[in-house]
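So the chains spell out like this:
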Number of protein chains: 2
Amino acid sequence: SGGGVDHMDSMESCVPPGFRFHPTDEELVGYYLRKKVASQKIDLDVIRDIDLYRIEPWDLTVLIFCSNLSECIEEHCGIGYEEQNEWYFFSFKDRKYPTGTRTNRATMAGFWKATGRDKAVHERSRLIGMRKTLVFYKGRAPNGQKTDWIMHEYRLETDENI
Amino acid sequence: SGGGVDHMDSMESCVPPGFRFHPTDEELVGYYLRKKVASQKIDLDVIRDIDLYRIEPWDLTVLIFCSNLSECIEEHCGIGYEEQNEWYFFSFKDRKYPTGTRTNRATMAGFWKATGRDKAVHERSRLIGMRKTLVFYKGRAPNGQKTDWIMHEYRLETDENI
């Protein structure tokens, strides 16, 4: 049934009590993102797929908390989303124009805008990816109103980069 | 072979990348300590047995890092002890006198001394345990020299308390 996770699957893929998902940049890129891009199996589906530009940042917590998978994880594994103030997800980039490379990071209520320099992500001493920091602004550029929402966008530094 | 953990066992009981052991007081008492006292199976043997009063606090990291289990966890599960500054373990209390109830918390180099009030540990609204905070002093009471080492000692609030 595709990406669906049923009760038995979820029960088998729990982590013991006391463990929290606090991944390093290296783990996010070198394990989770690399496997996702290669369509390989990820041990525990703790990172959800969403369409980031169809949802406002303040709705993310509701979406992630209310999904079936997270309810299972919450109840049976004690990963404890309720005490988190960070959320992890996969999302495709939305191109501004079908033929272009510029990225459209607008939602209904506002837009994500890059800030600072991208940070390199290394695995041992090898460059495996980059981390871009974005801030959410309400409204429309160039007149947006800055908010406290911050996102780190990770990309692989390989040819398979999507 | 009793409490021994062999290579196969350890490999099977890994957690996925990105998970760190940051248990709450409730999880430590309500899951780990309760199961330990009842001799029930613990999902992942992440909390080691040590004899706390035969080892100095600054040697704990070495002991825990060098054990077979932790090496496996370190290499294969990425729990990442190397970046921790907290360690978790089980230890029996040492009575000062065979017939008494006073506890002997001295090591070769110093002693653990309680500080502040014990903190109640609740599971939902029920009291399940207490947490005592202790500080390590080098030397012998009453002339010890205070250090930065702090320990939280958890006990069950039940009749099976040991």
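What you are looking at is a predicted structure, and each value in this text was computed from that prediction instead of being measured.

Trainee: I tried to follow the overall build of chain A on my own but got confused; where do I start?
Mentor: On a plain count of helices and strands, chain A comes out with 4 helices and 6 strands. Sequence-ordered secondary structure for chain A, helices as α and strands as β, is α-β-α-β-α-α-β-β-β-β. Counting all 162 residues of chain A, 38% fall into the buried class. The long-range share in chain A, meaning contacts at least 24 apart out of those at least 6 apart in sequence, stands at 59%. With an accessible surface of roughly 10,000 Å², chain A has 49% of that area assigned to carbon and sulfur atoms.

Trainee: Sorry, what's going on with the pattern of salt bridges here?
Mentor: Any two side chains of opposite charge can pair, given that their charged atoms come close. One pass over the full model with this rule turns up 22 salt bridges over all chains. Linking R155(A) and E157(A) is a salt bridge whose minimum nitrogen-to-oxygen distance equals 3.3 Å. As a salt-bridge pair, D25(B) and R131(B) come within 3.2 Å of each other at their nearest N and O atoms. Of this pair, D25(B) sits in helix α2 (residues 25-37) while R131(B) sits in strand β5 (residues 126-138), placing them 106 residues apart in sequence. By sharing partners, the salt bridges in this structure join D118(A), K132(A), R155(A) and E157(A) into a single network.

Trainee: Got a minute to help me understand the pairing of strand β6 (residues 145-156) of chain B in this structure?
Mentor: As a general feature of sheets, a regular strand has side chains that alternate between the two faces. Residue and element names in this part refer to chain B. Sheet topology note: the β5/β6 ladder contains 9 bridges and is antiparallel. The partner of L134 across the bridge, within β6, is M151. Remark: 6 residues form the turn of the hairpin made by β5 and β6, two consecutive strands paired antiparallel; G139 in that turn has positive phi of roughly 95 degrees.

Trainee: What should I look at first to understand helix α2 (residues 25-37) of chain A in this one?
Mentor: Those residues of α2(A) that fall on the buried side of the exposure criterion are D25(A), E27(A), L28(A), V29(A), G30(A), Y31(A), Y32(A) and L33(A). Those residues of α2(A) hidden inside the fold are in contact with β1 (19-21), β3 (89-90), β4 (110-123), β5 (126-138) and β6 (145-156) of chain A together with β1 (19-21) of chain B. S39(A) sits one or two residues past α2(A) and shows a positive phi near 55 degrees.

Trainee: I would appreciate a short explanation of the interface of chain B and chain A in the present structure.
Mentor: Interface size is commonly expressed as the accessible area that is lost once the parts come together. Counting residues at the interface gives 18 residues for chain B and 18 residues for chain A. Three residues, P17(B), F19(B) and R20(B), lead the burial of chain B against chain A; their summed loss comes to 39% of the area buried on that side. Inspection of the chain B/chain A interface yields 2 salt bridges. We note a salt bridge from R20(A) to E27(B), for which the minimum N-O separation is 2.7 Å. For the interface between chain B and chain A, the tally reads 9 residue pairs in polar contact (both at pLDDT 80 or more). Elements represented by at least two residues in the side of chain B that touches chain A include exactly β1 and α2 of chain B. Per-class residue counts for the side of chain B that touches chain A are 11 nonpolar, 4 polar and 3 charged. By the bridge criterion, 3 bridges tie β1(A) to β1(B) in an arrangement that is antiparallel. Opposite R20(A), over in β1(B), you have R20(B) as the bridge partner.

Calculation criteria
- Residues numbered from 1 in each chain as written.
- Chains lettered and ligands numbered in written order.
- Predicted model: local features only at pLDDT ≥ 70, side-chain atom pairs only at ≥ 80, totals over all residues.
- Heavy atoms only, no water.
- Helix = DSSP H or I, 4+ residues; strand = E, 2+ residues; numbered from the N terminus.
- Buried < 20%, exposed > 50% of the residue type's maximum accessible area, 1.4 Å probe, protein only.
- Contact = heavy atoms within 4.5 Å.
- Areas by Shrake-Rupley, 256 points an atom, 1.4 Å probe, with all protein chains shown as cover.
- Salt bridge = Lys/Arg side-chain N within 4 Å of Asp/Glu carboxyl O.
- Pairing = 2+ DSSP bridges.
- Buried area = accessible area lost by both parts, 1.4 Å probe.
- Polar contact = N/O pair within 3.5 Å; in protein donor to acceptor, adjacent residues only side chain to side chain.
- Nonpolar A, V, L, I, M, F, W, Y, C, P; charged D, E, K, R; others polar.

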